[in-house]
Amino acid sequence: MSNMEVFSQQITSITDQVELYAVRRALESQNIYNVAKLTGHTDVMADVMDKLDFKKLAKLLTEVSNRAFTCSISRMLSKMAQRVVNC
């Protein structure tokens with residue numbers, strides 16, 4: 001099993017929207033750079049940023065965003081179904 005498959009399984013198990021948004025924020029490369037900049041580690045981060053696989057980060061970010069969207073749709077459908085039952 002690849003790392004991407006493991007990541008996908010782990011993300012699929014998350015149902016908490018706040019947690020999904022936190023993971024998404026952590027994967028956004030701009031945030032990584034901003035944290036380094038704020039903490040004064042831009043020299044170290046330049047090395048790290050050169051070694052990051054931004055294509056892979058983009059795939060992980062897409063996976064998280066898709067999961068957040070799926071959870072949101074599921075929650076909306078659940079609320080709609082509850083309204084229909086209560087009518």
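Residues numbered from 1 in each chain as written. Predicted model: local features only at pLDDT ≥ 70, side-chain atom pairs only at ≥ 80, totals over all residues. Heavy atoms only, no water.

A. Representation of the overall build of the chain within the structure. Across its full length, the chain holds five helices and zero strands. Counting from the amino terminus, the chain carries its helices and strands in the arrangement α-α-α-α-α. Taken over the C-alpha atoms alone, the chain extends approximately 60 × 35 × 15 Å along its principal axes. For the chain, the proportion of its 87 residues judged to be buried stands at 18%. The long-range fraction of contacts in the chain, counting pairs at least 24 apart against all pairs at least 6 apart in sequence, stands at 69%. Split by element, the accessible area of the chain, about 6,600 Å² in all, is 58% carbon and sulfur. One way to put it: in the chain the 11 positive side-chain charges average out to a point 9 Å from where the 9 negative ones average out. (Helix = DSSP H or I, 4+ residues; strand = E, 2+ residues; numbered from the N terminus. Buried < 20%, exposed > 50% of the residue type's maximum accessible area, 1.4 Å probe, protein only. Contact = heavy atoms within 4.5 Å. Areas by Shrake-Rupley, 256 points an atom, 1.4 Å probe, with all protein chains shown as cover. Lys, Arg positive; Asp, Glu negative; His and termini not counted. Charge placed at Lys NZ, Arg CZ, Asp CG, Glu CD.)

B. Structural context of the packing of helix α1 (residues 3-12) against helix α5 (residues 54-86). Between α1 and α5, the shortest axis-to-axis distance is 10 Å and the interhelical angle comes to 25°. On the basis of the axis angle, α1 is roughly parallel to α5. Between α1 and α5 lies a crossing whose hand is right-handed. Between α1 and α5, the contacting residues are Met4, Phe7, Ser8, Ile11 and Thr12 on the first element and Lys59, Leu60, Glu63, Val64 and Arg67 on the second. Within the contact of α1 with α5, the residues separate by chemical class into five nonpolar, two polar and three charged. (Axes fitted to C-alpha atoms, helices over the stretch in contact; angles between N-to-C directions. Parallel < 35°, antiparallel > 145°, perpendicular 65-115°, else oblique. Left-handed = near helix turned anticlockwise from the far one by under 90°. Nonpolar A, V, L, I, M, F, W, Y, C, P; charged D, E, K, R; others polar.)

C. Up close: α1. Phe7, Ser8 and Ile11 are the residues of α1 that are buried. Relative to the axis of α1, the buried residues are bounded by an arc of 100° and lie together on one face. In this structure, the buried residues of α1 make contact with α2 (17-27) and α5. (Arc of directions from axis to C-beta.)

D. Molecular detail of the nonpolar core. With 10 residues, the main nonpolar core is built from Phe7, Ile11, Ile14, Leu20, Leu27, Leu57, Leu60, Val64, Ala68 and Cys71. Ranked by the residues each element gives to this core, the list is headed by α5, at five residues. (Core = buried A, V, L, I, M, F, W, Y, C linked by side-chain atoms within 4.5 Å.)

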